[in-house]
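Chain residues, written in single-letter form:
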Amino acid sequence: MIPPEVSLDDEEFVTRAQAGDLEAYELLVARHTASAYRTAILLGAGADAEDVVQEAFVKGYRKLSRYRGDASFRSWLLAIVANETRNLHRSRDRRTGLVLRAARVAPNSEAVEDEAVDAVLAGERRATLVRALRSLPERDREVIVCRYFLDLSEDETVAMLGWARGTVKSRTSRALVKLRGLLDVEEPSRG
């Protein structure tokens, strides 16, 4: 007879994984893969996002003994994803001289129905937002991604980025002003 599943929180899985339980770490990976992938994409990993996430999980496992529980496991892991994404950018810069490679959204061909038109417009709005986000300086982009795209709390953002709380607050405010300015500039030019 199989015992009923008991929902364990991250800390219990981490404790088991730190004790050598590989299955516990696999469960942590399964639980956090989607947010890790989303983080890598939003921070500019593009087509390399899967590689970034995989490397982050491997490094997370190797460094699991260093995890002390001061922050949530999720924010600790996402900090590793952010660092791996930064490493990717540095590597790209050295190889190609490009700061970011944007993942292009292919526009639909002809829109025949209203739903198709709505989908194209939504895609254009999303592409405009992504373009504006990617044109922000790296630190501004990171704080916006954490707070609004990943919906991290202020504490989780502090832990993930390793910044002081005041820095997170002020950078968030300034980054939003910059992002709004970029979106305001782009909107009239499309009209």
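Note: the structure precedes this text.
Quantities reported herein were computed from a predicted structural model and do not represent experimental measurements. (Residues numbered from 1 in each chain as written. Predicted model: local features only at pLDDT ≥ 70, side-chain atom pairs only at ≥ 80, totals over all residues. Heavy atoms only, no water.)

## Some points on the packing of helix α6 (residues 138-149) against helix α7 (residues 154-161)
- It is the contact of α6 with α7, at a shortest axis distance of 9 Å, that shows an interaxial angle of 140°. Relative to α7, the element α6 is oriented oblique. Considering the relative orientation of α6 and α7, their crossing is right-handed. Packed against α6, whose contacting residues are E142, V143, C146 and R147, the element α7 presents E154, T157, M160 and L161 at the interface. (Axes fitted to C-alpha atoms, helices over the stretch in contact; angles between N-to-C directions. Helix = DSSP H or I, 4+ residues; strand = E, 2+ residues; numbered from the N terminus. Parallel < 35°, antiparallel > 145°, perpendicular 65-115°, else oblique. Left-handed = near helix turned anticlockwise from the far one by under 90°. Contact = heavy atoms within 4.5 Å.)

## Remarks on the pattern of salt bridges
- Tallied over the full model, the rule gives ten salt bridges.
- With a shortest N-O distance of 2.7 Å, K59 and E84 are connected by a salt bridge. With K59 in helix α3 (residues 49-62) and E84 in helix α4 (residues 73-96), this residue pair connects regions lying 25 residues apart in the sequence.
- Exposure remark for K59: the relative accessible area of 24% places this residue in the partly exposed category.
- Note that K169 is salt-bridged to E154, the shortest N-O span being 4.0 Å. Here E154 lies in helix α7 and K169 lies in helix α8 (residues 165-190), a separation of 15 residues in the sequence.
- Residue K169 is classed as partly exposed on the basis of its relative accessible area, which comes to 48%.
- The class for E154 is partly exposed, based on a relative accessible area of 22%. (Salt bridge = Lys/Arg side-chain N within 4 Å of Asp/Glu carboxyl O. Buried < 20%, exposed > 50% of the residue type's maximum accessible area, 1.4 Å probe, protein only.)

## Section: the nonpolar core
- Counting 44 residues, the largest nonpolar core has Y25, A40, L64, F73, V143, I144 and M160 as its most contacted members.
- With nine residues, α4 is the single largest residue contributor to this core.
- Discounting residues that sit within four places of it in the chain, L64 has contacts with V14, A17, Q18, Y25, F73 and W76. (Core = buried A, V, L, I, M, F, W, Y, C linked by side-chain atoms within 4.5 Å.)

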